[in-house]
Amino acid sequence: MNALHQYLFDTYRAARLGEPMPPAPGTHDVAVLRSVRDRRRFERVLAGRPARGGLRSALRRRQRPRTP
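Residues numbered from 1 in each chain as written. Predicted model: local features only at pLDDT ≥ 70, side-chain atom pairs only at ≥ 80, totals over all residues. Heavy atoms only, no water.

## Here we look at the side chain of Thr11
We count it as follows: The secondary structure listing takes helices from DSSP runs of H or I that are at least 4 residues long and strands from runs of E that are at least 2 residues long, numbered from the N terminus. Per-residue accessibility, obtained with a 1.4 Å probe over protein chains only, is compared with the maximum for each type, and a residue is labelled buried under 20%, exposed over 50%, and partly exposed between these values. Note on definitions: a residue-residue contact is assigned when non-hydrogen atoms from the two residues lie within 4.5 Å.
With respect to the element layout, Thr11 can be found in helix α1 (residues 3–17). For Thr11, a relative accessible area of 15% puts it in the buried group. In this structure, Thr11 is in contact with Met21 and Pro22, ignoring residues within four places of it in sequence.

## Focus on the confidence of the model for the protein chain
We count it as follows: Predictor confidence is given residue by residue as pLDDT, running from a minimum of 0 to a maximum of 100.
This prediction gives the protein chain a mean pLDDT of 87; 96% of its residues lie at or above 70. Ranking the elements of the protein chain by mean pLDDT puts helix α3 (residues 54–63) last, at 77, and α1 first, at 94.

## Remarks on α1
To keep things clear, this is the line we draw: One less than the number of residues in a helix, times 1.5 Å, gives the span that helix is expected to have. Polar contact is defined as a pair of N or O atoms within 3.5 Å, subject to the rule that within protein one atom must be able to donate a hydrogen and the other to accept it, and that residues adjacent in sequence are counted only when both atoms are side-chain atoms.
Between its first and last C-alpha atoms α1 spans 21 Å; for 15 residues at 1.5 Å apiece the expected length is 21 Å, and the two agree. N-capping of α1 is provided by Asn2, with a side-chain oxygen placed 3.1 Å from the backbone N of Leu4. Remark: Gly18 follows α1 within two positions and exhibits a positive phi of approximately 75°.

## Brief notes about a positive patch on the surface
For clarity, the threshold we go by: The residues that make up patches have over 30% relative accessible area and no salt bridge, and they are joined within 9 Å when like-charged or within 5 Å when they are Val, Leu, Ile, Met, Phe, Trp or Tyr. Using a 1.4 Å probe, the Shrake-Rupley method yields the accessible areas, and only the shown protein chains count as cover for residues. By definition here, a salt bridge exists when the distance from a side-chain nitrogen of Lys or Arg to a carboxyl oxygen of Asp or Glu is within 4 Å. When charges are counted, neither His nor the chain ends are considered; positive counts come from Lys and Arg and negative counts from Asp and Glu. By convention, the charge on Lys lies at NZ, on Arg at CZ, on Asp at CG and on Glu at CD.
A grouping of Arg56, Arg60, Arg61 and Arg64 is seen on the molecular surface, where their side chains present a positively charged patch. Looking at the secondary structure, you find Arg60 in helix α3. For Arg60, a relative accessible area of 53% translates into the label exposed.

Structure below.
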């Protein structure tokens, strides 16, 4: 059973019991991603690292040619 099937079962149950309808799958995805991003930035600040550019700088470090 996927998320759509579960959503359909939940809406049917809510309609039969007179409860409020559940949110559709994917409704809060953007909010969740933003909160994860904000939490990671906050943890970087607490650790004393820059809050922005962590991924780019890590990729740049990996792409630098190594000198023997």
